[in-house]
Amino acid sequence: MMMSRLQRLWLRLGQFAALAGMALLGLLDLRGGLLLESGSGTLAAVRIGLAVATAVIWLPARRRISRRLPRQALVLAAASLTVTLLMAVLDPDQRNPAGWGWTESVGLLGVLWVVARRAPARWAAGTVLAVGAALVLLPARTADGEMYVIAALFLALCGCGATVGGAYLRLLDNGRERAMATVRAEQRAEFARDLHDFIAHHVTGIVVQAQGARYVAEQDPQRVILALAEIERAGAETMTSMRRMVGILRDPQAAPDAPLAPLAGVADLAPLLAGFNGAATAVARLHIDGSMDEIPVEVSTSGYRVVMEALTNVRQHASGARSVDVSVRRTRDWLLVRVTDDGAAHRVPGPRGHHGYGLLGLTERVRAVGGRFSAGPGPDGGWLVDAALPLRQGVTG
């Protein structure tokens, strides 16, 4: 899913704050004698480059699984270990705990976190071990004996914490992905059931019309022409809906065996609201603008599901709601559905919420027919659900 504008803003602010923190640590390292204790300008520049390289790896936003990440992290770990070896073996007299590089240490912790969260599974464990070794051996650059043991144990504990944190977020991401895949599969299954009922209805009508036309062909040719026109219309409507709905049914595992549900559309909204009014404290009112006849079945059923899910959310999440307005308006090219309530702002369920994916399912369903969907706080309070469903193929907003 694409990030919203607010999420991108928070991401940029977080990246800026992290970069500022790294810069502050770098200044502390320089003040603590990093340049003087590195032995040469070249080695000092390499150490500064390693600290910058850690930020280059862990700071940017990455896709859920990044194949480049392990290679970058392994190169960084090898370079860091090489510098540690050079400083510990070739220059053993540099023994100042302030000089091993706190900026690089924090950067390697960030690398551990992002590797545990974003690296492919087959590379994650080995990469974590390599980066962890580079982190734990950092104090060997400027400390030995008891001081090294203390510093190494401290960094090892921090590294374990960063790895566990990244792995935990990875598990949450995987759980959310599985839940989203389940929602998409359920939506595809609903489409499959709707498509089955729709085709059964229209094909049955075509067969009956064809049988009737053959029966009256000799007695009333004009009625045959009318029957053929009706057959042509029903066939064209069936083919149009099939082309728009079958595109999301390509996964052979997406439509499990399930009992066929009755097909419900916008014409059935009045009974739906009557049932809501009989069980909820809020009163729902239906406003219809335009004819609801001859609406494509996938559009009609999607509009019905939008209203049904919105009413369910009002009942479960709209604290203090007293009225709900359901508006369905038909234009030349669009079916516009809007549901508003006057309750408090809905509580947004977390990933573990029992109904946390209802709006996600609606988004998938509306987008599958080429429409637009949004849900959020209304301008005058309460909650607003909007869906725009195209009545014809090729219509864009």
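Describing the side chain of Thr54
Working step 1: Residue position: Thr54 is located in helix H3 (residues 41-58).
Working step 2: Filtering out sequence-adjacent residues up to four positions away, Thr54 remains in contact with Met22, Leu76, Glu104, Gly107, Leu108 and Val111.

Focus on helix H5 (residues 102-118)
Working step 1: The terminal C-alpha atoms of H5, which comprises 17 residues, lie 24 Å apart, in line with the 24 Å expected from a rise of 1.5 Å per residue.
Working step 2: The element H5 is largely enclosed, with a buried count of 14 among its 17 residues.

With respect to the pattern of salt bridges
Working step 1: Applying the stated criterion to the full structure yields 5 salt bridges.
Working step 2: Residue Arg285 pairs with Asp325 through a salt bridge whose shortest N-O separation is 3.3 Å. Here Arg285, found in strand E1 (residues 283-289), pairs with Asp325, found in strand E2 (residues 323-330); they are 40 residues apart in sequence, far enough to count as distant.
Working step 3: Judged by relative accessible area, which is 38%, Arg285 ranks as partly exposed.
Working step 4: Residue Asp325 is classed as partly exposed on the basis of its relative accessible area, which comes to 25%.
Working step 5: In this structure, Asp333 engages Arg332 in a salt bridge whose closest nitrogen and oxygen atoms are separated by 3.3 Å.

Structural notes on the packing of aromatic side chains
Working step 1: Tallied over the entire structure, the rule returns 0 aromatic pairs.
Working step 2: Arg372 extends its terminal NZ or CZ atom over the ring of Trp334, reaching a point 4.9 Å from the ring centre.

Some details on the packing of H5 against helix H6 (residues 121-136)
Working step 1: Taken N-terminus to C-terminus, the directions of H5 and H6 make an angle of 170 degrees; their axes are 10 Å apart at the nearest point. Relative to H6, H5 is oriented roughly antiparallel. Touching Ser105, Leu108, Leu109, Val111, Leu112, Val115 and Ala116 of H5 are Ala124, Thr127, Val128, Val131, Gly132, Ala134 and Leu135, all from H6.
Working step 2: Of the residues in the contact of H5 with H6, the class split is 11 nonpolar, 3 polar and no charged.

A closer look at unusual backbone geometry
Most peptide bonds adopt trans geometry, and most residues besides glycine take a negative phi value.
Working step 1: Its identity as a non-glycine residue notwithstanding, Glu294 has a phi of 55 degrees, on the positive side.
Working step 2: Residue position: Glu294 is located in the loop between E1 and helix H10 (297-317).
Working step 3: Overall, Glu294 belongs to the exposed group, its relative accessible area being 70%.

Cut-offs used in this document
- Throughout, residues of each chain are indexed from 1 in the direction in which the sequence is written.
- It should be noted that, the model being predicted, local features are given only for residues of pLDDT at least 70 and side-chain atom pairs only at 80 or more, the latter also being counted only at that level, while totals for whole chains, interfaces and linings use all residues.
- For the side-chain quantities, the full set of heavy atoms in the structure was used; hydrogens and water were omitted.
- Under the scheme used here, helices are H or I runs from DSSP no shorter than 4 residues and strands are E runs no shorter than 2 residues, and both carry numbers assigned from the N terminus.
- The contact rule is simple, with two residues in contact once any of their heavy atoms fall within 4.5 Å.
- Helix span, expected: 1.5 Å multiplied by one less than the number of residues in the helix.
- Each residue gets one of three labels from its accessible area relative to the maximum for its type: buried under 20%, exposed over 50%, partly exposed in between, using a 1.4 Å probe on protein chains only.
- Here, a salt bridge means any Lys or Arg side-chain nitrogen found within 4 Å of an Asp or Glu carboxyl oxygen.
- Aromatic rings from Phe, Tyr and Trp, taking only the six-membered ring of Trp, are treated as a pair when their centres fall within 6.5 Å; an angle between ring planes under 30 degrees marks them as stacked, one over 60 as edge-to-face, and anything in between as tilted.
- Working rule: Lys NZ or Arg CZ, within 6 Å of ring centre, within 35 degrees of ring normal, means a charge sits over the ring.
- The axes are straight lines fitted to the C-alpha atoms, using for helices just the contacting stretch, and the angles between their N-to-C directions are given from 0 to 180°.
- Angles below 35 degrees are treated as roughly parallel, those above 145 as roughly antiparallel, those between 65 and 115 as roughly perpendicular, and all remaining angles as oblique.
- In the scheme used here, Gly and all other residues not listed as nonpolar or charged are polar, with Ala, Val, Leu, Ile, Met, Phe, Trp, Tyr, Cys and Pro taken as nonpolar and Asp, Glu, Lys and Arg as charged.

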